[in-house]
Amino acid sequence: MLPTDEAEAIVSLAREVAAGELSPRVDDYEASHRFPRQVFATLGQLGLLAMPFPEEWGGSGLSYEVYLQALEEIAAAWASVGVGVSVHVMSCWPLATFGTEEQKARWLPDMLGGSLLGGYCLSEADAGSDPNAMRTRARRDGDVYRVTGAKAWVTHGGEADFYTLFARTSDDISRGISCFLAPGQAPGLETQPPERKMGMTASTTATLTFDGVELDADRLIGREGDGLAIALQALDSGRLGIAAVAVGLAQRCLEVAVAYAKERQTFGRPIIEHQGLGFVLADMAAAVESARAITLEAARRRDRGLPFSRQSSIAKLLATDAAMKVSTDAVQVLGGAGYTQDFPVERMMREAKVTQIFEGTNQIQRLVIARHLARG
Ligand SMILES: Cc1cc2nc3c(=O)[nH]c(=O)nc-3n(C[C@H](O)[C@H](O)[C@H](O)COP(=O)(O)OP(=O)(O)OC[C@H]3O[C@@H](n4cnc5c(N)ncnc54)[C@H](O)[C@@H]3O)c2cc1C
């Protein structure tokens, strides 16, 4: 249920774009492992790349509740693009939230207006679940910081126009990390060959190496030492985006499975009429609807300004586990056909897997939830 006519219009627009621009391209780009830069330009022009930011700075001024429903439509058509939108939004959030008015005026309109694409550089090869183990250094030298190190697993690595970068500015255990806005092209910044992944092959993931990359001191976002807190808060919101992507994936798998089960006949009747199979579909529907409900409830808490970190981790955990289960069951419902590339469910099953891993594995979500319980 959408709150306003305007919200209805933006979700309809996302649905139209998904049908007209995304669905026709997904198979070709995923099969050839190509990054669809032009698709992101189109989304940017239509205002679908920076939905939950103030209009004053070039965003669409949407609540998270509405943004996530539009994102679900995009991800149902093409999960790699859904993840890309979510990562871009997360990359813009630190500047939009912690930037000075001057920093925002300088960079934010282009970042939100759709002409620039963002990346989020937190993880390193030996600092994934534990970002505080990061080693990339930013050393202050007069009016600049010089950055040396390597950030791993960067979605849009080598394709992005800017990176929200986290680097160590001191060895302090709680305030040793700072947040920067780095340009996509800078002397000393290099992209390593992209990862060869199980799924989401149209979403480029690469390591970036920094060899004395010079950043003007005014590219520091927030105060020196605020970086870890900024990164974790950004992830609270980012995880809602991943939950919405997972819901979109699961919804599409359910639709494909139900359509197939109505057509396919065994023992003289459509397989949906065999109770053993009908119950599988019923469980899939229950999983999709409950994942969507829990995700939107967390979003509404965020929109009301209430604490939502625990709810965001619960949504990410439940929605991505649901996507994994529902996509695996969809393959089963289609039988042999489900295991072929003639249907999208095998691809979506591979794509669902990574939603349980990135932006904090589902073990880390449990850790976050348990810490909230212990504190609460
Ligand atoms: C396709 C893809 C895109 C990504 N995009 C980005 C991006 O744009 N930006 C970015 O910064 N990062 C990105 N990542 C990195 C991602 O967030 C990390 O892979 C993830 O956080 C896990 O880190 P790790 O791979 O180092 O696993 P590890 O931290 O080595 O974990 C290995 C296993 O141990 C478990 N584990 C670890 N610690 C604990 C614990 N305390 N208790 C219980 N279990 C534990 C984990 O759950 C996991 O199962 C991406 C990853 C992938 C695969």
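Everything below is about the structure shown above.
J.: Would you explain the overall build of the protein chain in this entry?
T.: When helices and strands are tallied, the protein chain shows 10 helices and 10 strands. In terms of overall size, the protein chain behaves like a compact globule, its C-alpha atoms giving a radius of gyration of 21 Å where 376 residues would be expected to give roughly 21 Å. Residues classed as buried in the protein chain amount to 55% of the 376 residues present. When contacts within the protein chain are restricted to residue pairs at least 6 apart in sequence, long-range pairs at least 24 apart make up 72% of them. A total accessible area of about 16500 Å² is found for the protein chain, and carbon and sulfur atoms account for 51% of it. Both charge centroids of the protein chain, one from 37 positive and one from 47 negative side chains, sit 6 Å from each other.

J.: What am I meant to see in the nonpolar core here?
T.: Burial of nonpolar side chains together is a common tendency in soluble globular proteins. In terms of nonpolar packing, the biggest core is built from 101 residues, with L43, L68, V81, V85, Y120 and F166 touching the most fellow members. Take this core: its biggest share by element is 19 residues, from helix α6 (residues 227-263). Dropping the residues within four chain positions of it, V81 is found in contact with L22, P36, V39, F40, L43 and I74.

J.: Help me understand the site of the ligand in this model?
T.: In the region of the ligand, 16 residues are neighbours, and Y120, S123, S129, W153 and T361 sit closest. Side-chain polar atom of S129 to an oxygen atom of the ligand: 2.6 Å apart, as the coordinates give it. Between the ligand and Q363, the relevant distance is 2.7 Å, taken from an oxygen atom to a side-chain nitrogen or oxygen of the residue. When the ligand sits alone it has 970 Å² of accessible area, and the protein chains cover 65% of it. Looking at the shell around the ligand, the element that brings in the most residues is strand β3 (residues 144-155), giving three residues. Here the residues of the shell around the ligand sort into seven nonpolar, seven polar and two charged.

J.: Whenever I open this one, the pattern of salt bridges confuses me. Can you help?
T.: Pairing of side chains with opposite charge becomes possible as their charged atoms draw close. Summed over all chains, the structure comprises 22 salt bridges. Taking the shortest distance from any N to any O, the salt bridge between D161 and R37 comes out at 2.8 Å. With D161 in the loop between β3 and β4 (162-168) and R37 in helix α2 (residues 37-45), this residue pair connects regions lying 124 residues apart in the sequence. Taking the relative accessible area as the measure of exposure, D161 reaches 29% and is therefore partly exposed. Owing to a relative accessible area of 25%, R37 belongs among the partly exposed residues under this scheme. Here E102 ties to R106 by a salt bridge, and the two come within 3.2 Å at their closest N and O atoms. In this pair, E102 and R106 both sit in helix α5 (residues 101-113), four residues apart, roughly one turn of the helix. Residue classification places R106 among the partly exposed residues on the basis of a relative accessible area of 38%. Residues joined in a network through salt bridges with shared partners are D27, R347 and E351.

J.: I'm lost on the packing of helix α3 (residues 64-77) against helix α4 (residues 79-98) in this one. Help?
T.: Two quantities define a packed helix pair, namely the angle between the axes and the distance from one axis to the other. One way to put it is that α3 packs onto α4 with a least axis distance of 6 Å and a crossing angle of 150°. Taken together, α3 and α4 sit at an angle that is classed as roughly antiparallel. Facing Y64, Y67, L71, I74, A75 and A77 of α3, the residues of α4 in contact are A79, V81, G82, V85, S86 and V89. Considered class by class, the residues forming the contact of α3 with α4 number 10 nonpolar, two polar and no charged.

J.: Could you clarify how one ought to interpret the packing of aromatic side chains in this entry?
T.: To describe a pair of aromatic rings, you give the distance between the ring centres and the angle between the ring planes. In the structure shown here, the tally under the stated rule is seven aromatic pairs. Both rings, one in Y260 and one in F343, keep their centres 5.6 Å apart while their planes meet at 85°; by these two values the pair is edge-to-face. Pair noted here: Y260 is in helix α6 and F343 is in the loop between α8 (309-333) and α9 (345-355), with a separation of 83 residues, a long-range link. The exposure class of F343 is partly exposed, given its relative accessible area of 28%. A cation sits over an aromatic face here: R34 above Y29, 4.2 Å from the ring centre. In this structure, R106 is placed above the aromatic ring of W107, and the distance from its NZ or CZ to the ring centre is 4.6 Å.

J.: I would appreciate a short explanation of helix α10 (residues 362-375) in the present structure.
T.: Residue pairs spaced three or four apart in an α-helix point in one direction, given the helix's 3.6 residues per turn. With 14 residues, α10 ought to run about 20 Å at 1.5 Å a step, and its terminal C-alpha atoms sit 20 Å apart, in line with that. Of the residues making up α10, those classed as buried are N362, I364, Q365, V368 and I369. Angularly, the buried residues of α10 cover 160° about the axis, an arc narrow enough to put them on a single face. Facing away from the buried side of α10 by more than 90 degrees, the exposed set consists of Q363, R371 and A374. Contact partners of the buried residues in α10: α6, α8 and α9.

J.: Just checking my understanding: could you explain the side chain of H156 for this structure?
T.: Among the structural elements, H156 can be located in the loop between β3 and β4. Apart from the residues within four sequence positions on either side, H156 is in contact with F35, F40, G84, V87, L117, G118, Y163 and T204.

Rules and cut-offs
Residues numbered from 1 in each chain as written. Predicted model: local features only at pLDDT ≥ 70, side-chain atom pairs only at ≥ 80, totals over all residues. Heavy atoms only, no water. Helix = DSSP H or I, 4+ residues; strand = E, 2+ residues; numbered from the N terminus. Rg over C-alpha atoms; globule rule 2.2 N^0.38 Å. Buried < 20%, exposed > 50% of the residue type's maximum accessible area, 1.4 Å probe, protein only. Contact = heavy atoms within 4.5 Å. Areas by Shrake-Rupley, 256 points an atom, 1.4 Å probe, with all protein chains shown as cover. Lys, Arg positive; Asp, Glu negative; His and termini not counted. Charge placed at Lys NZ, Arg CZ, Asp CG, Glu CD. Core = buried A, V, L, I, M, F, W, Y, C linked by side-chain atoms within 4.5 Å. Near = heavy atom within 4 Å. Polar contact = N/O pair within 3.5 Å; in protein donor to acceptor, adjacent residues only side chain to side chain. Nonpolar A, V, L, I, M, F, W, Y, C, P; charged D, E, K, R; others polar. Salt bridge = Lys/Arg side-chain N within 4 Å of Asp/Glu carboxyl O. Axes fitted to C-alpha atoms, helices over the stretch in contact; angles between N-to-C directions. Parallel < 35°, antiparallel > 145°, perpendicular 65-115°, else oblique. Phe/Tyr/Trp six-rings, centres within 6.5 Å; stacked < 30°, edge-to-face > 60°. Lys NZ or Arg CZ within 6 Å of the ring centre and 35° of its normal. Expected span 1.5 Å × (residues − 1). Arc of directions from axis to C-beta.

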